Amino acid sequence: MDKAFVAQRVATKLFSTEKAIDAAMVEAAELLAGAVEARAQLKLSAVTGDKAQAKLVEAISALALARTAIVDMHHEMADLKLRVGIRTKLIGVEEKPDTGGQTGHLRDVG
């Protein structure tokens, strides 16, 4: 099988994972905001739910670390792609800027 197509499958999963982590971070941040707003609307003390919110902040921090790790993996895979002789730009499922008018998933970058 063509190396570029194998690499594209991995790249697609990588982009999907990056997007999933970002979505999880957004959801967790919205949960935190909702919890803080709910406490204020119910006129509860600041200590109410403090431990639960601290756990959520820990989870958000863990997601941020996961995002950093997956971005680092992205850079490593880009280097690996070149080392194994793939000279094709691999793109994800979302539109990215500066595609040079190409409509397919793969294009030569010379």
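Model, not experiment: these values are computed from the prediction.

Here Glu 18 lies in helix α1 (residues 3–41). Within the structure, the side chain of Glu 18 is placed 2.5 Å from the side chain of His 74, a separation counted as a polar contact. Ignoring sequence-local partners within four residues, the contact set of Glu 18 consists of Ile 70 and His 74.

As a further point, take unusual backbone geometry. Note: most residues except glycine have negative phi, and most peptide bonds are trans. A positive phi angle is found at Lys 43, which is not glycine, with a value near 55 degrees. The exposure class assigned to Lys 43 is exposed, which follows from its relative accessible area of 74%.

For α1, which comprises 39 residues, the first-to-last C-alpha distance of 57 Å matches the rise-based estimate of 57 Å (1.5 Å per residue) to within 8%. A distance of 2.6 Å separates the backbone nitrogen of Ala 4 from a side-chain oxygen at the start of α1, and that oxygen is part of Asp 2. Looking at the residues trailing α1, positive phi occurs at Lys 43, about 55 degrees.

In this structure, Lys 3 sits in helix α1. Spatially, the C-alpha atom of Lys 3 lies 9.3 Å from that of Lys 81, the residues being 78 residues apart in sequence.

Here helix α2 (residues 50–83) spans 49 Å end to end across 34 residues, near enough to the 50 Å set by a 1.5 Å rise per residue. Residues Gln 53, Leu 56, Ile 60, Ile 70 and Lys 81 constitute the buried set of α2.

A few words on the packing of α1 against α2. At a minimum axis distance of 10 Å, the contact between α1 and α2 shows a crossing angle of 160 degrees. When the interaxial angle is binned, α1 and α2 end up roughly antiparallel. Of the two possible hands of crossing, α1 and α2 adopt the one that is left-handed. Per-class residue counts for the contact of α1 with α2 are 21 nonpolar, three polar and three charged.

About the thresholds
Residues numbered from 1 in each chain as written. Predicted model: local features only at pLDDT ≥ 70, side-chain atom pairs only at ≥ 80, totals over all residues. Heavy atoms only, no water. Helix = DSSP H or I, 4+ residues; strand = E, 2+ residues; numbered from the N terminus. Polar contact = N/O pair within 3.5 Å; in protein donor to acceptor, adjacent residues only side chain to side chain. Contact = heavy atoms within 4.5 Å. Buried < 20%, exposed > 50% of the residue type's maximum accessible area, 1.4 Å probe, protein only. Expected span 1.5 Å × (residues − 1). Axes fitted to C-alpha atoms, helices over the stretch in contact; angles between N-to-C directions. Parallel < 35°, antiparallel > 145°, perpendicular 65-115°, else oblique. Left-handed = near helix turned anticlockwise from the far one by under 90°. Nonpolar A, V, L, I, M, F, W, Y, C, P; charged D, E, K, R; others polar.

From the geometry alone we can't say anything about function, so treat these as descriptive.
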